[in-house]
Amino acid sequence: MNPLLNVGGISKFYGHRIGCKDVSFDLYPGEVMGIVGESGSGKSTLLNCLAGHLAPDTGAVNFDTRVDGMRDTVTMSEPERRMLSRTDWAFVHQHARDGLRMNVSAGGNVGERLMAVGARHYGEIRDQATDWLGRVEINADRVDDRPTAFSGGMQQRLQIARNLVTGPRLVFMDEPTGGLDVSVQARLLDLLRGLVREMNLSAIIVTHDLAVVRLLADRLMVMKDGHVVETGLTDQVLDDPQHGYTQLLVSSVLQV
Amino acid sequence: MISIENVSKSFTLHNQGAATIPVMDGASLQVAPGECVALVGQSGSGKSTLMRMIYGNYLAAAGRIMIDDVDVASAAPREILQLRRYTLGYVSQFLRVVPRVPTVEVVADPLLATGAERGAALARAQVLLENLNIPERLWALSPTTFSGGEQQRVNIARGFAYNYPALLLDEPTASLDGKNREVVMAMIEEAKARGAAIIGIFHDEAARDRVCDREIDVTGFTPKAAA
C-alpha cells in the first residue's frame, strides 16, 4: 500500500523564531494521526502548512491525487490546491464559525460544498444535505435554520457535515472538540470515530487533549518548541512515553 | 506462533532525576498454536509489563518479539495495528470505551474492524453477551455505568469476538463469580481447541491449572543488579 500523504522536511519560521522544524512522516489510507503538544509547540503551524493555509519555508507535502498520483501540494498552483481542498481534503476548524458561513442556512452550508464540485440539481443537493445533517444528528427540520441559531456542538457537527459531504480522503482537524463541554465532546468523538471507519478516512488531528487522541488516533506525534520529540503508536506513546516532555505531558493529566 | 527472545526493558523517568529502573532482562519464551502458557511470579515481577511489550503497548529496549512473522519490538505502528486487528488479541483488566457507544457495538467492534458484515458481527456479539450472562436489557446501553464484573465480562466478550490466532489474557477470571468463571474457562478451552496460542496471567490457581499447559516464572527475567 502506498502512503496517501508523504511529508518531508517541513519547516516554517516566523522571523528567526521556529514555527515548526524539519517534520517528516507518512500517512496511509484509513490512518488517523494525532499531533499533541502544549500551546505554542507548533502543532497548528504544522497543520496549516500541511493543509496549504500557510506556505512552509522548506519541505514537501506529497499527496496521492486521484488523477496524477503523488503531487507536491506546496509547489502546485493555487487553483489546483484550492480544488484539492474542496474535493479530497477537508479542514475542520476549532471554531465552527471559521469553517461555516454563518448567514447561510444549514442546508446551504452543506450544499455549497457540493455545488463547488459541480452539483447543480437543487433537489439532489437538498436531499444530500438533509441526509448529511441526519448523519451528524441534526434534525431535518433544522435544514433551513442558520448556524447562528445552533448550539456550539451543533455548529461543530454541521461543520463536519459540510466537510465530509464531498467524500474527502484526508481530513485535517484543529482541536475539533476544543471549547465544547464534555458530554458534547463525547458525542462528537463517537460520531467522528464512526465516520472515519465508515468512509475509510485518513485524518490528522491536532489537539492538546490526550483523551481525544487515545480514542481517535492510531498514531501520535508529540511536539515541543516546533520540534517533533516523539512518535509512535498512540497507546504506546501514552502508556510508555520515552521523551521527558511526553512523560511530563502524560503525568500532568488530572484523573477523574 | 509467539516467540520471544532475549527481551529487556527499563523505564527512564526523565522528570524524576532521570532515574533508570531496569525491570526485565533476557526474557525468552515460545508458545505454540493450541497452547496456553501462564506467566507467574509475585506482584511487581513484570508479568503485565511483559504482556504489554508483546502487545506493543510498551516498547522493548532490546530483543525480538515475534508474533507470526512480525517482530513487535521493531515493527512500525502501522504493522502493529494490522497485527492487532487480525492476529493478536488482548483482554486487559480494564475496559476502555468511547462514551455513548452501546455494549453490543463495543463487543462487535473488533469484528467490524476486520471488515465483517455488520449484521453478522452484531449477532456474534449478542451470542457472546448472552453466554456471559449480561442481561439483554443492558445491551443497548453504554458499559461505562456497569458494575466492575459486568465491565470485565463485556471486555472478555470483546476480546473473544474475533478468533485471533494469538491471545493475551490479563487476569480474565478475576472478580467473576463461579458461573461466569466457568463460561470464561470454556471460552479459553475453545480458543485453544481451534489452535490459538495463548499467554495468560491468572491469580486464580484452579483456573490456571485447568487451562494452562505450562507456567513461566517471570522472576527468572528480573535483572540481576536489581534483584
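Residues numbered from 1 in each chain as written. Chains lettered and ligands numbered in written order. Predicted model: local features only at pLDDT ≥ 70, side-chain atom pairs only at ≥ 80, totals over all residues. Heavy atoms only, no water.

Draft legend 1. Expanded view of the overall build of chain B. Helix and strand counts for chain B stand at 7 helices and 9 strands. Scaling as 2.2 N^0.38, a compact globule of 227 residues should have a C-alpha radius of gyration of about 17 Å, and chain B matches this with 18 Å. Residue burial in chain B is summarised as follows: out of 227 residues, 52% are buried. Long-range contacts, defined here as pairs at least 24 residues apart, represent 68% of the contacts in chain B between residues at least 6 apart. A total accessible area of about 10,000 Å² is found for chain B, and carbon and sulfur atoms account for 48% of it. Averaging the positions of the 22 positive and the 25 negative side-chain charges in chain B gives two centres separated by 5 Å. (Helix = DSSP H or I, 4+ residues; strand = E, 2+ residues; numbered from the N terminus. Rg over C-alpha atoms; globule rule 2.2 N^0.38 Å. Buried < 20%, exposed > 50% of the residue type's maximum accessible area, 1.4 Å probe, protein only. Contact = heavy atoms within 4.5 Å. Areas by Shrake-Rupley, 256 points an atom, 1.4 Å probe, with all protein chains shown as cover. Lys, Arg positive; Asp, Glu negative; His and termini not counted. Charge placed at Lys NZ, Arg CZ, Asp CG, Glu CD.)

Draft legend 2. Broad picture of the packing of aromatic side chains. Residues and elements named next belong to chain A. Overall, the coordinates contain 6 aromatic pairs over all chains when judged by the stated rule. Taken together, a centroid distance of 5.5 Å and an interplanar angle of 90 degrees make the contact between Phe 63 and Trp 89 edge-to-face. Of this pair, Phe 63 sits in strand S4 (residues 58-65) while Trp 89 sits in strand S6 (residues 89-92), and the two are 26 residues apart along the sequence. Trp 89 matches Phe 63 in its accessibility class, with the two residues each being buried. Relative to Phe 172, the ring of Trp 89 has its centre 5.2 Å away and its plane inclined at 80 degrees; by these criteria the two rings are edge-to-face. With Trp 89 in strand S6 and Phe 172 in strand S7 (residues 170-174), this residue pair connects regions lying 83 residues apart in the sequence. (Phe/Tyr/Trp six-rings, centres within 6.5 Å; stacked < 30°, edge-to-face > 60°.)

Draft legend 3. Structural context of the interface of chain A and chain B. Contacts between the two partners involve 24 residues from chain A, matched on the other side by 25 residues from chain B. For the pair chain A and chain B, the summed buried surface comes to about 2,100 Å²; carbon and sulfur atoms form 52% of the total. Considering only the surface of chain A that becomes buried against chain B, Arg 197, Leu 233 and Asp 240 of chain A emerge as the three largest contributors, covering 24% of it. On the surface where chain A and chain B come into contact, there are 6 salt bridges. Ionic pairing is found between Asp 190 of chain A and Arg 100 of chain B, a salt bridge with its closest N-O pair at 3.1 Å. Taken together, the connections running from chain A to chain B amount to 12 residue pairs in polar contact (both at pLDDT 80 or more). Within the residue set of the side of chain A that touches chain B, elements represented by two or more residues are helix H7 (182-198), helix H8 (210-216), strand S10 (227-233), helix H9 (234-239) and helix H10 (244-251) of chain A. Looking at the side of chain A that touches chain B, its residues break down into 6 nonpolar, 6 polar and 12 charged. (Buried area = accessible area lost by both parts, 1.4 Å probe. Salt bridge = Lys/Arg side-chain N within 4 Å of Asp/Glu carboxyl O. Polar contact = N/O pair within 3.5 Å; in protein donor to acceptor, adjacent residues only side chain to side chain. Nonpolar A, V, L, I, M, F, W, Y, C, P; charged D, E, K, R; others polar.)

Draft legend 4. Expanded view of the sheet that holds strand S5 (residues 69-72) of chain A. Residues and elements named next belong to chain A. Read from one edge to the other, the open sheet built from 4 strands follows the order S2-S1-S4-S5, with strand pairing classed as antiparallel. Only two strands of the sheet have a single neighbouring strand rather than two, namely strand S2 (17-27) and S5. For this sheet, the mean angle separating the axes of adjacent strands, direction not counted, is 20 degrees. Looking at chain direction, strand S1 (residues 5-14) and S4 are connected through 5 bridges and run antiparallel. Within the sheet, the bridge partner assigned to Val 7 lies in S4 and is Val 61. Along the sheet, helix H1 (residues 43-50) contacts S1, S2 and S4; its crossing angle with S1, the most-contacted strand, is approximately 125 degrees. (Pairing = 2+ DSSP bridges. Axes fitted to C-alpha atoms, helices over the stretch in contact; angles between N-to-C directions.)

Draft legend 5. The arrangement of unusual backbone geometry in detail. Phi at Asp 22 of chain A takes a positive value of approximately 50 degrees, unusual for a residue other than glycine. Relative to the helices and strands, Asp 22 of chain A is located in strand S2.

Draft legend 6. Fine view of the nonpolar core. With 47 residues, the main nonpolar core has Val 110, Trp 132, Leu 158, Ile 160 and Val 171 of chain A as its most contacted residues. Examining the composition of this core, we find that 6 residues originate from one element, H7 of chain A, more than from any other. Residues in contact with Ile 160 of chain A, not counting those within four places in the same chain, are Val 92, Val 136, Leu 188, Leu 192 and Leu 195 of chain A. Counting residues in hydrophobic clusters, the runner-up holds 46 residues, among them Leu 95, Val 107, Leu 132 and Ile 134 of chain B. (Core = buried A, V, L, I, M, F, W, Y, C linked by side-chain atoms within 4.5 Å.)

Draft legend 7. A look at the pairing of strand S3 (residues 36-40) of chain B. Residues and elements named next belong to chain B. Of all the 5 residues making up S3, 5 are buried; the element is thus mostly covered by neighbouring parts of the structure. Both faces of S3 are covered, namely the face carrying Cys 36, Ala 38 and Val 40 and the face carrying Val 37 and Leu 39. In this structure, S3 lies alongside strand S8 (residues 197-201), joined through 3 bridges in parallel fashion. When the bridges of S8 are listed, Ala 38 appears paired with Gly 200. Direction of pairing for S3 relative to strand S9 (residues 214-217): parallel, over a ladder of 4 bridges. Across the sheet, Leu 39 pairs through a bridge with Ile 216, a residue of S9.

Draft legend 8. Just the packing of helix H6 (residues 152-164) of chain A against H7 of chain A, in detail. Residue and element names in this part refer to chain A. H7 packs onto H6 with a crossing angle of 15 degrees between their chain directions and a minimal axis gap of 10 Å. As far as their axial angle goes, H7 and H6 are roughly parallel. Judged by the sense of rotation from one axis to the other, the crossing of H6 with H7 is right-handed. The segment H6 lies against H7, with Gly 153, Gln 156, Arg 157, Ile 160 and Leu 164 engaging Val 184, Arg 187, Leu 188, Leu 191, Leu 192 and Leu 195. Broken down by class, the residue content of the contact of H6 with H7 amounts to 7 nonpolar, 2 polar and 2 charged. (Parallel < 35°, antiparallel > 145°, perpendicular 65-115°, else oblique. Left-handed = near helix turned anticlockwise from the far one by under 90°.)

Draft legend 9. Spatial organisation of the pattern of salt bridges. Counting across every chain of the model gives 29 salt bridges over all chains. A salt bridge links Asp 68 of chain A to Arg 71 of chain A; the nearest nitrogen and oxygen atoms lie 3.5 Å apart. Taken together, the salt bridges that share partners define one network made up of Arg 193 and Arg 197 of chain A together with Asp 109 and Arg 158 of chain B.

Draft legend 10. Just the sheet that holds strand S6 (residues 88-91) of chain B, in detail. All names here are of chain B. Across the sheet, which stays open at both edges, the 5 strands sit in the order S6-S7-S8-S3-S9 with parallel pairing between neighbours. Edge positions in the open sheet fall to S6 and S9, since each of these has one partner strand only. In this sheet, adjacent strand axes meet at a mean angle of 20 degrees when their direction is disregarded.

Draft legend 11. Inspection of H1 of chain A at higher detail. Residues and elements named next belong to chain A. Buried residues dominate H1, accounting for 7 of its 8 residues. Within the span of H1, buried status applies to Lys 43, Thr 45, Leu 46, Leu 47, Asn 48, Cys 49 and Leu 50. Within two residues after H1, Gly 52 carries a phi angle of roughly 85 degrees, on the positive side.

Purely geometric numbers; function is a separate question.
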